[in-house]
Amino acid sequence: MARKASIIGGGVIGGGWAARFLLNGWDVSVFDTDPEAERKIGEVIANARRSLPALYDKALPAEGRLSFHTDLAEAVSGADWVQESVPERLDLKHRVLGALCEAAPATAVIGSSTSGFKPSELNEKGARAVVAHPFNPVYLLPLVELVGAASETDRAAEILRSIGMFPLIVRKEIDAHIADRLLEAVWRESLWLVKDGVATTAEIDEAIRMGFGLRWAQMGLFETYRIAGGEAGMKHFMAQFGPCLQWPWTKLMDVPEFNDDLVDLIAGQSDAQSGHLSIRELERLRDDNLVGMMRALRKSGSGAGGVLKAHEATFAEPKGATLPVTVERQVPTSWTDYNGHMNETHYLEAGAQATDRFMEIIGADAAYVAAGRSYFTVESHVRFLDEVKAGERLRVTTQVLGGEGKKMHLFHRLERGDGALAATVETLLLHMDLTARRSSEPAPDIAAKLAEFTAAHAGLPRPEGAGRHVGQRA
Ligand SMILES: NC(=O)C1=CN([C@@H]2O[C@H](COP(=O)(O)OP(=O)(O)OC[C@H]3O[C@@H](n4cnc5c(N)ncnc54)[C@H](O)[C@@H]3O)[C@@H](O)[C@H]2O)C=CC1
Ligand SMILES: C[N+](C)(C)CC(=O)CC(=O)[O-]
């Protein structure tokens, strides 16, 4: 049975939590006092559906069920996790947390999305919440700062990992936890720069995104500065830049007066900078960029890329009735082109992923390759039979047409979620010795496993389209 998350307050952050749980197979119930909440959450979930699955090379679990409630007790009934995401006002948090702690099962984790309150403040009227502070968009960014009693945060951390998040346990409670203290420093300094007429909102954004913003996603602050110290590393970096702290470069000791003039100045410049796009369009642009960056990080396993790989490793392997299912995934937007469908290169990429998976199935896995043996593709034939759109499911089955000696002859069928055959990829591989860079016989256990498949598939009908050449009439 699916686990259940209750989202109390379904605005920017609550909507993101709803999407994160739902797309990871949890049932989600929402309680929000805003009559527009269902529509707004629907738009957030639509954005999540087009981006979150694109992070993975395997399909996420089937979505859970989403329900909306006007009664708080009904919403939290049977919940395993209750996440409070109402506006950042302590009196409101006390009232809502008090009510939901009374109504929720004693076994449920109670998380608060608060950006700045400490658990001791949240719980001073008898609630039992932990801080579970996420980052926008919650459905894509893995970080959740967890603050509270170790017995609760350990339990919460395990659940968050299971939905692809990265719990960072904040060991000592402090206003605004770790990340928001850093963000507030940058935010406060930026407000000064605009107020003093040094820079516009657009210029500050360029300063971030053309330079250090790119560095931070993959190495953070300290690792980046260690490299900036040259071969002598951090000690040299500190000796060189330590004295600047005394000059000082910053005005952080002070806060600009937060009045209507400042709000109008910042909001006016922000409208001039980005007002040509709606918030939903900006969200989609942000999400597509985040997906591209996070997929790039998967390759090295750096930062959020490592979290994706670890999460994907927990997904169940798909099974087929007669043929092995070698790929089951959703098509990322980045695989589509100017014609509004999956670009031809990615049909071959899906076929190559199927070959990699089949190699793993017969034992020619990462360890086998690291030990110096592998298969190389020597010929492929792709038939493009139907269009595939972004977000659609793609399922690849693999039939062995031959597997004697050094040769492995595979036939992949690429099927869309609706069962239509979108393509076939027929491919011939040769077993290789990676040291000699020459073809060689596979290890006996690999040969034996391949022979098993070859014998089992020999009894199946030869696939339609196998052995075709380019331009051949049907
Ligand atoms: N917006 C952001 O970038 C981030 C916000 N947070 C935190 O998340 C929490 C929520 O912030 P946002 O989602 O930005 O606010 P929001 O204003 O977008 O959403 C708040 C939602 O709570 C609902 N609400 C108000 N009173 C309620 C009640 N008594 N019961 C149920 N629902 C109620 C509102 O109708 C609204 O839909 C805050 O604690 C904030 O500090 C955390 C991380 C990032
Ligand atoms: C501005 N903010 C304090 C609400 C930001 C956060 O809490 C985290 C985020 O997503 O940047």
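As the structure is a computational prediction, the values presented were derived from the model and not from experiment. (Residues numbered from 1 in each chain as written. Chains lettered and ligands numbered in written order. Predicted model: local features only at pLDDT ≥ 70, side-chain atom pairs only at ≥ 80, totals over all residues. Heavy atoms only, no water.)

## As for the overall build of the chain
Basically, it comes down to this: We count a stretch as a helix when DSSP gives it H or I for four or more residues in a row; a strand needs E for two or more, and each element gets its number in order from the N terminus. Burial classes follow relative accessibility: with a 1.4 Å probe on protein chains only, a residue under 20% of its type's maximum area counts as buried, one over 50% as exposed, and anything between as partly exposed. The Shrake-Rupley method, run with a 1.4 Å probe sphere, supplies the accessible areas, and residue values consider only the shown protein chains as cover.
From N to C terminus, the chain includes 16 helices and 14 strands. Considered along the principal axes of its C-alpha atoms, the chain spans approximately 75 × 60 × 45 Å. When burial is assessed residue by residue, the chain has 43% of its 474 residues classed as buried. When the accessible surface of the chain is summed, it comes to about 24700 Å², and 56% of that surface belongs to carbon and sulfur atoms.

## Digging into helix α14 (residues 344–361)
Rule in force here: Helix span is expected to be 1.5 Å times the residue number reduced by one. In what follows, residue pairs with any heavy atoms lying within 4.5 Å of each other are defined as contacts.
Its 18 residues place the ends of α14 26 Å apart at the C-alpha level, agreeing with the 26 Å of an ideal helix rising 1.5 Å per residue. Within the sequence span of α14, burial applies to H346, Y347, A350, G351, Q353, A354, T355, F358 and M359. Where α14 is buried, its residues meet β9 (325–330), β10 (373–384), β11 (393–402), β12 (407–416), β13 (421–433) and α16 (444–458).

## A few points about the site of ligand 1
Basically, it comes down to this: Throughout, the term near means that a residue has one or more heavy atoms lying within 4 Å of the molecule or strand in question. Within 3.5 Å is the distance limit for a polar contact, defined as a pair of N or O atoms, with the added protein rule that one can donate a hydrogen and the other accept it, and that residues adjacent in sequence qualify only through two side-chain atoms.
In the neighbourhood of ligand 1, 21 residues make up the surrounding shell, with I13, D32, E88, K93 and S115 lying closest. Within the backbone of V12, an N or O atom sits 3.0 Å from an oxygen atom of ligand 1. Backbone polar atom of I13 to an oxygen atom of ligand 1: 2.9 Å apart, as the coordinates give it. In the complex, the protein chains occlude 74% of the 820 Å² of accessible area that ligand 1 would expose alone. Of all the secondary structure elements, the ones that give two or more residues to the shell around ligand 1 are α1 (12–23) and α4 (90–103). With three residues, α4 is the single largest residue contributor to the shell around ligand 1.

## Remarks on empty space enclosed by the protein
The condition is simple: In this analysis, the protein atoms alone were mapped onto a 1 Å grid. Cavities are point sets where a 1.4 Å probe fits without being able to get out; pockets are open sets with protein on both sides within 12 Å along at least five of seven lines; lining residues have an atom within 4 Å of a point. Grid points are joined across faces, edges and corners, and a volume is the space filled by probe spheres set on the points. Under the convention adopted here, Pro, Cys and the residues Ala, Val, Leu, Ile, Met, Phe, Trp and Tyr are nonpolar, Asp, Glu, Lys and Arg are charged, and Gly plus all remaining residues are polar. Boundaries between domains were set according to an automatic or database domain assignment.
The tally for this structure, following the rule as stated, stands at one cavity of 30 Å³ or more. A volume near 40 Å³ is recorded for the largest cavity. What lines the largest cavity is simply R49, R50, P53, A54, Q330, V331, P332, T333, A390 and G391. In terms of residue class, the lining of the largest cavity is built from five nonpolar, three polar and two charged. For the lining of the largest cavity, the domains that each give at least three residues are domain 1 (4–177) and domain 3 (325–458).

## Brief notes about the domain arrangement of the chain
We count it as follows: As used here, buried area is the combined drop in accessible area, with a 1.4 Å probe, of two parts when they are placed together. Take a side-chain nitrogen of Lys or Arg and a carboxyl oxygen of Asp or Glu: if they are within 4 Å of each other, that pair is a salt bridge.
The domain boundaries assigned to the chain delineate domain 1 (4–177), domain 2 (180–276) and domain 3 (325–458). Each of domain 1 and domain 3 was reduced to a C-alpha centroid, and the two centroids are 40 Å apart. Across the domain 1 to domain 3 interface the summed buried area is about 680 Å²; carbon plus sulfur atoms make up 43%. Counting across the domain 1 and domain 3 interface gives one salt bridge. Among the ionic pairs, D57 bridges to R329, the shortest N-O distance being 2.8 Å. Linking domain 1 to domain 3 there are four residue pairs in polar contact (both at pLDDT 80 or more). A per-class count over the side of domain 1 that touches domain 3 returns six nonpolar, no polar and three charged.

## Looking at the packing of α1 against helix α2 (residues 37–51)
To keep things clear, this is the line we draw: A fitted line through C-alpha atoms serves as each axis, taken over the contacting stretch for helices, and the angle formed by two N-to-C directions is quoted from 0 to 180°. Note on angle classes: values under 35 degrees are labelled roughly parallel, values over 145 roughly antiparallel, values of 65 to 115 roughly perpendicular, and the remainder oblique. Should the near helix be turned anticlockwise from the far one by less than a right angle, the crossing is termed left-handed; should it be turned clockwise, right-handed.
Look at α1 against α2: their axes get within 9 Å of each other, and the N-to-C directions meet at 50°. When the interaxial angle is binned, α1 and α2 end up oblique. α2 is crossed by α1, and the crossing has right-handed handedness. Seen from α1, the contacting residues are G15, G16, A18, A19, L22 and L23; seen from α2, they are I41, V44, I45, A48 and R49. A class-by-class count of the residues in the contact of α1 with α2 yields eight nonpolar, two polar and one charged.

## Thoughts on the UniProt feature "binding site: NAD(+)" (unreviewed entry) in the chain
Formally: UniProt positions are given in the numbering used here, feature names are shortened, and annotations may be inferred rather than shown by experiment.
The positions UniProt marks with the feature "binding site: NAD(+)" (unreviewed entry) are G9, G10, G11, V12, I13 and G14. Its location among the elements puts V12 in helix α1. Among the structural elements, G14 can be located in helix α1. Look at G14 and you get buried, because its relative accessible area is 0%. Excluding anything up to four places from it in sequence, G14 contacts I7, G9 and S85.

## A closer look at the site of ligand 2
Around ligand 2 sit S115, H133, F135, N136, D180 and L183, and that is every residue in its neighbourhood. In the model, an oxygen atom of ligand 2 is placed 3.0 Å from a nitrogen or oxygen of the N136 main chain. Side-chain polar atom of D180 to an oxygen atom of ligand 2: 2.7 Å apart, as the coordinates give it. Relative to its free-state accessible area of 320 Å², ligand 2 is covered by the protein chains to the extent of 52%. When grouped by side-chain class, the residues that make up the shell around ligand 2 number two nonpolar, three polar and one charged.

## Examining the packing of aromatic side chains
In plain terms, the rule: Here is the rule: rings of Phe, Tyr and Trp (six-membered ring for Trp) pair when centre to centre is within 6.5 Å. Planes less than 30 degrees apart are stacked, more than 60 are edge-to-face, and the remainder are tilted. Sitting over a ring, as applied to charges here, requires NZ of Lys or CZ of Arg to be within 6 Å of the ring centre and within 35 degrees of the ring normal.
All told, the structure shown has ten aromatic pairs when counted by the stated rule. Taking 4.8 Å as the distance between ring centres and 55° as the angle between the ring planes, the aromatic pair formed by F21 and W26 counts as tilted. Across the pair, W26 and F21 agree in class, each one buried. Here F21 and W81 contribute two aromatic rings whose centre-to-centre distance is 5.9 Å and whose plane-to-plane angle is 50°, an arrangement assigned as tilted. One end of the pair, F21, is in helix α1; the other, W81, is in strand β4 (residues 81–84), with 60 residues separating them in the sequence. Of the two residues examined, F21 and W81, each falls in the buried class. Put simply, the rings of W17, F21, W26 and W81 touch in pairs and so form one group of aromatic residues. Geometry around W335 places R329 over its ring, the cationic atom sitting 4.3 Å from the centre.

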